Amino acid sequence: MAERSAPPSRERIVAGAADMISRRGLSATSIREMAKHAKAPLGSTYHYFPEGKQQLATEAVRYTGEWVARSLRKELESGPVEGLRAFLALWRKIVVDSDFHAGCPVLAVAIEEPPADEIPPAVAAAAEVFTQWEALLAASLREHGSEEERAAQLATLVVAAVEGTVAMCRAKRSAQPLDDTAEQLQALVAGAIER
């Protein structure tokens, strides 16, 4: 008796959507394309995401945010310099392994032009994700002796620099901008903590 293949999991659809958005942006990606990219029937996609594209994009942003946050939490246990190195390595791997076609779906959603007088849920989720990453980095910096305001500002600088540099890597088809940024950020973080 042949086994029926299991329906695609909600998480697989969300992960596929995150990957698609990281490559093409939100406006250039339809829910049909996200479903196809995840190898999921459109009906299953609408079953899990009855509100459509914006709901799926919001979940893709949150999924990416938590995936990165898990890695950050783990690596920050060894200190802010190690956490920063892991954060940089994660994004370097994504851009290099995709031959500079993929970036960060959180950034891709954040830069979309929202409808007038409205903040779409996916954009609000992107703001929450950036805040979460900043908070994790700032907490580690404070735990290692950095003054509170400096820790918060440096955490914002790290997230902003890495996200911007990922975009530069894609445009230049080179990891060099990320490598250059990594060197400077590591020096700043090391200088901000107790020895």
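To be clear, the structure that these remarks concern was listed above.
Residues numbered from 1 in each chain as written. Predicted model: local features only at pLDDT ≥ 70, side-chain atom pairs only at ≥ 80, totals over all residues. Heavy atoms only, no water.

1. Here's the deal with the pattern of salt bridges
Working step 1: In the structure shown here, the tally under the stated rule is eight salt bridges.
Working step 2: For the salt bridge of Arg-23 with Asp-19, the shortest nitrogen-to-oxygen distance reads 3.0 Å. Of this pair, Arg-23 and Asp-19 both sit in helix H1 (residues 10–24), separated by four residues, roughly a single helical turn.
Working step 3: On the accessibility criterion, Asp-19 (25% relative accessible area) is partly exposed.
Working step 4: Here the residues in one salt-bridge network are Arg-10, Glu-59 and Arg-62, joined through shared partners. (Salt bridge = Lys/Arg side-chain N within 4 Å of Asp/Glu carboxyl O. Helix = DSSP H or I, 4+ residues; strand = E, 2+ residues; numbered from the N terminus. Buried < 20%, exposed > 50% of the residue type's maximum accessible area, 1.4 Å probe, protein only.)

2. Topic: the environment of Ser-44
Working step 1: Topologically, Ser-44 is positioned in helix H3 (residues 42–48).
Working step 2: C-alpha of Ser-44 to C-alpha of Ser-9: the two residues are 35 residues apart in sequence and 9.0 Å apart in space.

3. Side note on the side chain of Glu-112
Working step 1: Positionally, Glu-112 belongs in the loop between helix H6 (105–110) and helix H7 (121–143).
Working step 2: No salt bridge is formed by the buried Glu-112, whose closest oppositely charged neighbour, Lys-53, lies at an N-O distance of 6.9 Å.
Working step 3: Side-chain polar atoms of Glu-112 contact the side chain of Ser-27, separated by 2.3 Å.
Working step 4: Residue contacts for Glu-112: discarding those within four places in its chain leaves Gly-25, Leu-26 and Ser-27. (Lys, Arg positive; Asp, Glu negative; His and termini not counted. Polar contact = N/O pair within 3.5 Å; in protein donor to acceptor, adjacent residues only side chain to side chain. Contact = heavy atoms within 4.5 Å.)

4. Side note on the packing of H7 against helix H8 (residues 148–172)
Working step 1: Two numbers describe how H7 lies on H8: the axes approach to 8 Å, and their chain directions differ by 135°. Taken together, the axes of H7 and H8 are oblique relative to one another. Considering only the axes of H7 and H8, their crossing is right-handed. Two secondary-structure elements touch here, H7 through Phe-130, Trp-133, Glu-134, Leu-137, Ala-138, Leu-141 and Arg-142 and H8 through Glu-148, Ala-151, Ala-152, Leu-154, Ala-155, Thr-156, Val-158, Val-159 and Glu-163.
Working step 2: Taken together, the residues of the contact of H7 with H8 sort by class into 11 nonpolar, one polar and four charged. (Axes fitted to C-alpha atoms, helices over the stretch in contact; angles between N-to-C directions. Parallel < 35°, antiparallel > 145°, perpendicular 65-115°, else oblique. Left-handed = near helix turned anticlockwise from the far one by under 90°. Nonpolar A, V, L, I, M, F, W, Y, C, P; charged D, E, K, R; others polar.)

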